[in-house]
There are 8 protein chains.
Amino acid sequence: MNRSTLLDLLAAVERGDVTPQAASERLANMPYEDIGHARIDHHRALRNGLPEVIYAAGKTPEQTAEIFARMAAAGSDVLATRVDLETQKAVKDAAPGAVFHETARAMTLKQTTQDGPKGHIAVLCAGTSDLPVAEEAAVTAEIFGAQVTRLYDVGVAGLHRLLSVRESLTDADVVIVCAGMEGALPSVVGGLVGVPVIAVPTSVGYGASFSGATALLGMLNSCSPNVTVVNIDNGFGAAYTATLIARAASGAR
Amino acid sequence: MNRSTLLDLLAAVERGDVTPQAASERLANMPYEDIGHARIDHHRALRNGLPEVIYAAGKTPEQTAEIFARMAAAGSDVLATRVDLETQKAVKDAAPGAVFHETARAMTLKQTTQDGPKGHIAVLCAGTSDLPVAEEAAVTAEIFGAQVTRLYDVGVAGLHRLLSVRESLTDADVVIVCAGMEGALPSVVGGLVGVPVIAVPTSVGYGASFSGATALLGMLNSCSPNVTVVNIDNGFGAAYTATLIARAASGAR
Amino acid sequence: MNRSTLLDLLAAVERGDVTPQAASERLANMPYEDIGHARIDHHRALRNGLPEVIYAAGKTPEQTAEIFARMAAAGSDVLATRVDLETQKAVKDAAPGAVFHETARAMTLKQTTQDGPKGHIAVLCAGTSDLPVAEEAAVTAEIFGAQVTRLYDVGVAGLHRLLSVRESLTDADVVIVCAGMEGALPSVVGGLVGVPVIAVPTSVGYGASFSGATALLGMLNSCSPNVTVVNIDNGFGAAYTATLIARAASGAR
Amino acid sequence: MNRSTLLDLLAAVERGDVTPQAASERLANMPYEDIGHARIDHHRALRNGLPEVIYAAGKTPEQTAEIFARMAAAGSDVLATRVDLETQKAVKDAAPGAVFHETARAMTLKQTTQDGPKGHIAVLCAGTSDLPVAEEAAVTAEIFGAQVTRLYDVGVAGLHRLLSVRESLTDADVVIVCAGMEGALPSVVGGLVGVPVIAVPTSVGYGASFSGATALLGMLNSCSPNVTVVNIDNGFGAAYTATLIARAASGAR
Amino acid sequence: MNRSTLLDLLAAVERGDVTPQAASERLANMPYEDIGHARIDHHRALRNGLPEVIYAAGKTPEQTAEIFARMAAAGSDVLATRVDLETQKAVKDAAPGAVFHETARAMTLKQTTQDGPKGHIAVLCAGTSDLPVAEEAAVTAEIFGAQVTRLYDVGVAGLHRLLSVRESLTDADVVIVCAGMEGALPSVVGGLVGVPVIAVPTSVGYGASFSGATALLGMLNSCSPNVTVVNIDNGFGAAYTATLIARAASGAR
Amino acid sequence: MNRSTLLDLLAAVERGDVTPQAASERLANMPYEDIGHARIDHHRALRNGLPEVIYAAGKTPEQTAEIFARMAAAGSDVLATRVDLETQKAVKDAAPGAVFHETARAMTLKQTTQDGPKGHIAVLCAGTSDLPVAEEAAVTAEIFGAQVTRLYDVGVAGLHRLLSVRESLTDADVVIVCAGMEGALPSVVGGLVGVPVIAVPTSVGYGASFSGATALLGMLNSCSPNVTVVNIDNGFGAAYTATLIARAASGAR
Amino acid sequence: MNRSTLLDLLAAVERGDVTPQAASERLANMPYEDIGHARIDHHRALRNGLPEVIYAAGKTPEQTAEIFARMAAAGSDVLATRVDLETQKAVKDAAPGAVFHETARAMTLKQTTQDGPKGHIAVLCAGTSDLPVAEEAAVTAEIFGAQVTRLYDVGVAGLHRLLSVRESLTDADVVIVCAGMEGALPSVVGGLVGVPVIAVPTSVGYGASFSGATALLGMLNSCSPNVTVVNIDNGFGAAYTATLIARAASGAR
Amino acid sequence: MNRSTLLDLLAAVERGDVTPQAASERLANMPYEDIGHARIDHHRALRNGLPEVIYAAGKTPEQTAEIFARMAAAGSDVLATRVDLETQKAVKDAAPGAVFHETARAMTLKQTTQDGPKGHIAVLCAGTSDLPVAEEAAVTAEIFGAQVTRLYDVGVAGLHRLLSVRESLTDADVVIVCAGMEGALPSVVGGLVGVPVIAVPTSVGYGASFSGATALLGMLNSCSPNVTVVNIDNGFGAAYTATLIARAASGAR
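Since the structure is predicted, the reported quantities are computational estimates derived from the model, not experimental observations.

Asks: Can you explain the interface of chain B and chain A? Please cite residues and give values.
Replies: Taken together, the contact between chain B and chain A spans 32 residues of the former and 32 residues of the latter. When chain B packs against chain A, close to 2,600 Å² is buried across both sides, 55% of that on carbon and sulfur atoms. Scanning the region where chain B abuts chain A turns up 0 salt bridges. Elements with a minimum of two residues in the side of chain B that touches chain A: helix H3 (44-48), helix H9 (185-192), helix H10 (213-220), strand S11 (227-229) and helix H11 (235-249) of chain B. With 8 residues, the single largest contributor to the side of chain B that touches chain A is H11(B). Considering only residue class, the side of chain B that touches chain A consists of 18 nonpolar, 10 polar and 4 charged.

Next comes the structure, spelled out in structure tokens:
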């Protein structure tokens, strides 16, 4: 159901062709498919610009596989995040075309086509241990149609590494920065660019890193005003918002 | 100093007209004005797209007034946030053209002109008590040249109030949502729109709101993936990033 | 022992048929059965309206099985929560009639009968991952004699899913809402109904969800005044109180 | 607007007497009165059973007084909580009939009548210092039409004080228990009664009471399953839900 | 080395029989046996009244066994706490006479004799899950020579269970109370007795019990002034101090 | 009412001279005096060994003064803690014989006599800023009849200060140690003595002392097993328990 | 008393000229001056290299003034930190030669002389609001005899400001870095130098800066391994340790 | 690349032999070796005095082994920390000369030589369980060329153990103190010496030790001003900074 079929329905109510009760029922039931343990939102892209995504961490392999297959059957691009090895097998069985991205712990199925990338996103991370989060962001942005530049292991303790890739930042419409420990990288990057920076704290560290809480707090207190923050290890969320920003900046919304 | 004068300088080094030592010194010292207690960054707009802003909370009235006057003298638009009444007087004395926004606790001096607004930002807040933060965001976005739509007191406990302003959200390039207590509004708004939502937790509440920490945590865990978050009460930061997004979306970057 | 036998005993003291020392001993010792590692309270329903329930998480399978069997032998309905697979086997051996509810991680033995359900409880949850908690609540309410309506996967990020089941809420005497992450659902539901809402934060989420603490804090700060809160993942406690409310509302107390 | 006028409006759409656009506008705008800084929800009692209440803590005296006067003009009972002395004066000027309850820090204006109390609520507190919270609960329950029994200074360190008022608890439909420090009272009370107990942690205490957080946590972990919890010092919220429960239990919903 | 040999040494210095350098060396080196990974304090009972105890949790089985055997060889009573199964075997091999207390996770070797118990300690716990901590306390007190009365599963939600054992409390010189969840039991017990109560929070509970932190905080805020507190699950420490108190109260110090 | 009058009453019930209803009422009402805002427990010393104490912090000056006067009239020794200057005046007016201890912020009225002190308590503090807490402990112990030795400013950073007063510790039946900041003093003292050490964390410090929480946590983790802990700044509670211990140790219980 | 007089005393004991009892007393009492509320450690410089310093925050003006005067009378250099205006006056009266450093909130009295500075310390701060802490560090280092280079307002969001002062860092033996908010500056500085960096978190910031806790946590997790950390706002402690390092590095220990 | 080759390059730009573009590229790329998942900083010793170190905890065995081998090939001394058994094997295969230090969980490869140790570091720990952290510190300091004195199991509860090793502290240029639980040892040691003390909180303890957070907080609040702190269990970082201090103190920088 899209905006025009919605207007058709309301016009039918006005004409008396459809009773208010019937219209109400159709409106209530159509936007999602109820499969018992979940209500799949096939029309999310209509309302929100990007399709629904499967967060596999809280689901059984069977639940994830079933939802993946239903969405694949509906013809849209499909993305599942936080996919472990057992879930990966179940999805492969249910949707053989799905691709597993090991470092990113994600599965994708690309079924639509587009004319070139919509916007440009730079993904940075501070250290090798931040790779899973950075890759979740990169894979997410790519399945949503953005161009991604990866710039890894550029933490602030060796500032020359960051400064040496500074040029690569200038073309990005938006920058995603993943860092654990003290989480200082987004502040420094924020001061180097003139576009939004989305900071992703990672759970990398030990002791008083408190599983990423320290990096999170640091990023929220960034002295660079172009920094906004998402949840710890939430590479997906950062890429989702970055895609919306990059798409709009490239005139492709 | 802008990018072309920078290239001129480097070319001069190549020609031998300027020694590396001299070039180094100029590059190091030019970008800011050292007034003892602060180093004013007059060229920030060149690097970062938007001018430096004065955060008055940590400064004496005299310090704020002096920095404000120096920036005014440089001809750029000036914004000071977290301005109390005593500081407001000191700034007025130093820069008579400055305007005080009482609810927003901000002062502005508009000295540049532009052809119409660059992008469109909707600013929402959940309750009356969130107004100071929402207004800080709105005033910031306006001095930076964006069009702002204010939608206040639309908290989720009376959902009909939010749904009744839903149409006003559709034109925005980005939405800023300010809320205290449980901080649920950004998740609901995030599900209604297809653009980035910047969530601003406010320190409104009591007891287990822990001065905004609860709202902050809630927003970081939003189930709407288009939500990013800034620090508690940081209306300014939200508006700064929103301006960058809206400006790019409107093709005005 | 119930209220009338208690009065009999006190009257016997008045008549001199029972010495104060003897009466004291009987009053002290009768209300529970001491089996060494536990004191089983067979008369709890007399004092508190509902029978004692076995929380299996902190007990060995043998301890749980023994308590279950003793309560079964006493003829009352029996409920054990947080039952793992090993404990489930031990209970089955000790009380063959017991039923295992896998998703709810609960075991029940229904031995009493009643004339139709006492009151009506709606159980909602925000996402698929909240099912174990929601089912613990539903199974508890059912063993205690209430009618339960399950409404699952209706989180606030896709508001139309919640609004589509709104009618199902109108008949409930009380609503239980289970949600993790930001825990926003109870506030929204609270604004839609005129009955008490019992919010159950779940440990669903990651990073700054802090194993349910964020959802808990959000629910405690709900802007809907008809929301009260129980411990993280405490579906049992929510259902226990909801049963008391629904029973009284239906005139069945 | 009530349910029947809503059905009239929808029927008018069906007949073509009202266009969908016009109906949409009326539905969107009618439920509240927009006075700039707030949207007053005059029809809340229709949807939620109890009228809207003014939380004065986050508002200027003028804002509170204006909202109070508007609601008074609408003919409903009015309650404002967290009223300081300055606000009290402003409200008195705007609504001379308003009554100030000093210990409860609340103002009430009773304009409707009812046939006897609807349900019975017992309000307990552990110590003298908990009185403001307990009184906020009692005053709230009374303006909403419930009968209230006050039982104060019955903390668990002197158990005989609680046991001596045990009889007074037996008639209550629901019990509100306010306690600071270790917050143990609700667990003990919960074991003595067969009705719901709403626990209100208070900010009474020092040091490791952390302004009520310790009492809050204790209550959430109560071993009595009939205990639910509200925010620290939230006497109002406890009484609001208790009123709904007591009203239903008395058959008066 | 005891007090008198110490005085002898100092007198020898005064007489010139021992040089200050030599005396210093002897005083420095005698009080402990250095076995590389540990310095065993064989003379602790001289200084502190009770012998050193082995906390096995942070040691390898071999380290624990070696220290246990050395202390056994010195002829004193030996106690090791937090002993897992692997460590238990290693100790048995090294000190065949050692006894393993499974629930308490402790090992003891009794080598000294005394004339009857020194003082009387009551050990209470709120629920079955608190048994390991309560037994650690009981076993510790017994190896140190006190008489112990165990009163288990007497939590406050069923107050009659506690009141029924009230008589058993009257003879104790000191009471140890172990409780998890909300940790309310020590406050209630504290109000019933006239002797010191040592509260031991346990890590029993889930969700907002935060592994015992909630019980700990509750106990620290007890409204009963005769309650002091030890670390979470620290049954040993409670019994150590209780033994000192009971011993002194019985005139046996 | 004491134990014998209680037995008289129960015998009267047995004889039929008193009805159970009448006896119940007398038992319920006698143990305290209900003055509206408080229930004064005049018989606490009978049950708990020491009289009730007034915690003035949460009470109005009038409330404290009234309770103080009532207890004075009953003839017992009276102690009020956390007395500010305004309350001090109100108490002086109501009970002219009361003595104000300025540093301790306490008021005492000694009305009973005893034959020499009952037990010996040493009170230590780490620095000058801990004096108010240490004095609250000392004044409390003295009004309860113990002998007190004050040893102040003996923090661990200058160990020689502590070692120089070591002799003074040897006669104490129990030691109270007050310390803020890192709270290390109780561990060191605990290793020097063979009696119980009651640790009182103080709110002295700044930054990461978190108003005494750091000292509290440190003391709970003391490696000296004879250390138990009370709430931050709770000099009163430490002295209350210390008095019970010292009294028993001196054979005076 | 210094090391040689100590040896003399011990030799006297050996010779029998001094009894052990007498020696013990002299050793115990000499190292400090007991003035009732404090034990002044006049010989601290002998043991620890630097003299005792007065922390005025927890003391009355009179206490601080008395201690200051006593130390001044002893001829050593005197430093008092956290001096408010009232205390400043009291000290001036007691020690007219004392100098007040307003921004640093410190008072100094220089009475000794030295041949040129001992070592070189660079003190950096991120923003204008960090000045009080940075100045406390600078004043402390100077009274202890080090050369100090101040480099203020060089936060990481405008990296060019820091890079422009990079040369000034190269001569320092140790660097003190004060920063609030996200506390990222020490990590970046640590990567630029080859000497120890002492990080001082400041309480500058708002919301999720939690009064400096966020900066503290960030610094503890620094990815630069030459960073150690002191308490929030503890400029004094940083300078104390820095002085020891710089003095040793300059060969002046 | 070192400082002189850098000057050569800049001179070449001045002469026109190298274009600015080419120089920029060389400067950007030379300081590290990009191997995909990491950028190895072979020239770190030039800038920071000590070579880069491999933190293995966040890396796969293959990643650690590859980085180790690359650094070994470059001829410098190599240190890897937090090496588990699987990683140890992979490194052994890649760099057969590497030595595994089991207690320290570290691997070293010594390839350079020096004339005797540079400075002297004492490493203390409070208990046997702190050994892994203390050994990580000791091994790190030794590979960096310092002389190390190990003083283990000298916790404050048995003060005589610490005092007996006091002499061994006097020669150290800097002291590292590792302690868990209450973390009191650094304060006591800080008062005994006149050199910097670097405190390392360890995660040793249980319950309210909160995995080392309590020890960390205690150390940050140390009343000894010569104490600075590193992250929990960060023996490496303590030794890194200690090496810089000791090296400078010995005149070997």
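More follows now that the structure is in view.
Asks: Outline the relation of the copies chain F and chain D, supporting the account with residue identities and numerical values.
Replies: Once turned by 90 degrees and shifted 0.1 Å along the axis, chain F lies on chain D with an RMSD of 0.1 Å. On the angle and the small slide along the axis, the relation comes out as a four-fold axis. Proximity to the rotation axis, assessed at the C-alpha, singles out F:Phe210 in chain F; its C-alpha lies 7.5 Å from the axis.

Asks: So, the environment of C:Ala95: which residues are in play, and what are the values?
Replies: Residue and element names in this part refer to chain C. Of note, alanine 95 is situated in the loop between helix H5 (85-94) and strand S5 (99-101). Note on alanine 95: relative accessible area 5%, which makes it buried. For the pair alanine 95 and alanine 65, spaced 30 residues apart in the sequence, the C-alpha separation amounts to 7.8 Å.

Asks: Requested: an account of the state of the cysteines, with residues and values cited.
Replies: If you walk through the whole model with that rule in mind, you get 0 disulfides over all chains. Between E:Cys125, a cysteine without a disulfide, and E:Cys178, which holds the nearest cysteine sulfur, the sulfur-to-sulfur distance is 6.5 Å.

Asks: Just give me the short version of the interface of chain F and chain D, but keep the residues and values in it.
Replies: The interface of chain F with chain D comprises 20 residues on the first partner and 15 residues on the second. At the junction of chain F with chain D, the criterion picks out 0 salt bridges. Summed over the shared surface of chain F and chain D, the result is 4 residue pairs in polar contact (both at pLDDT 80 or more). Class assignment for the residues of the side of chain F that touches chain D results in 8 nonpolar, 5 polar and 7 charged.

Asks: Can you explain the pairing of strand S9 (residues 174-179) of chain F? Please cite residues and give values.
Replies: Residues and elements named next belong to chain F. Most of S9 sits inside the fold, with 6 of its 6 residues counted as buried. Residues Val174, Ile176 and Cys178 point to one face of S9 and Val175, Val177 and Ala179 to the other, with burial holding for every one of them. Two elements, S9 and strand S10 (residues 197-201), share 5 bridges in a ladder whose sense is parallel. When the bridges of S10 are listed, isoleucine 176 appears paired with isoleucine 198.

Asks: Would you mind going over the relation of the copies chain B and chain A in detail, with residue names and values included?
Replies: With an RMSD of 0.1 Å, the fit of chain B onto chain A corresponds to turning through 180 degrees and sliding 0.0 Å along the axis. Expressed as a symmetry operation, the mapping of one chain copy onto the other fits a two-fold axis. A share of 100% of the interface residues of chain B reappears at the interface of chain A, consistent with the copies meeting face to face through the same patch.

Asks: Run through the sheet that holds strand S4 (residues 78-81) of chain D, naming residues and quoting values.
Replies: Spatially, the 4 strands line up as an open sheet ordered S3-S4-S6-S5 (chain D), and their pairing is mixed. Two strands bound the open sheet, and with one partner strand each, they are strand S3 (54-55) and strand S5 (99-101) of chain D.

Asks: Describe in detail helix H5 (residues 85-94) of chain A, supporting the description with residues and values.
Replies: All names here are of chain A. Where H5 is concerned, the buried positions are Thr87, Gln88, Ala90 and Val91. Buried residues along H5 cover an arc of 165 degrees about the axis, so they all sit on one side. In H5, the exposed positions angled more than 90 degrees off the buried face are occupied by Leu85, Glu86, Lys89 and Asp93. If you follow the buried residues of H5, they end up packed against helix H4 (61-73), strand S5 (99-101) and strand S6 (106-109).

Asks: Give a detailed account of the sheet that holds strand S6 (residues 106-109) of chain G, specifying residues and quantitative values.
Replies: Residues and elements named next belong to chain G. Reading across the sheet, the 4 strands line up as S3-S4-S6-S5 and stay open at both edges, with mixed pairing between neighbours. Of all strands in the sheet, those bounded by a partner on one side alone are strand S3 (54-55) and strand S5 (99-101). As defined by bridge partners, S5 adjoins S6 across 3 bridges and the pair is classed as antiparallel. Counterpart to valine 99 in the pairing with S6 is threonine 108.

So, how was this worked out
Residues numbered from 1 in each chain as written. Chains lettered and ligands numbered in written order. Predicted model: local features only at pLDDT ≥ 70, side-chain atom pairs only at ≥ 80, totals over all residues. Heavy atoms only, no water. Contact = heavy atoms within 4.5 Å. Buried area = accessible area lost by both parts, 1.4 Å probe. Salt bridge = Lys/Arg side-chain N within 4 Å of Asp/Glu carboxyl O. Helix = DSSP H or I, 4+ residues; strand = E, 2+ residues; numbered from the N terminus. Nonpolar A, V, L, I, M, F, W, Y, C, P; charged D, E, K, R; others polar. Least-squares fit on C-alpha atoms with pLDDT ≥ 70 in both. Buried < 20%, exposed > 50% of the residue type's maximum accessible area, 1.4 Å probe, protein only. Disulfide = S-S within 2.5 Å. Polar contact = N/O pair within 3.5 Å; in protein donor to acceptor, adjacent residues only side chain to side chain. Pairing = 2+ DSSP bridges. Arc of directions from axis to C-beta.

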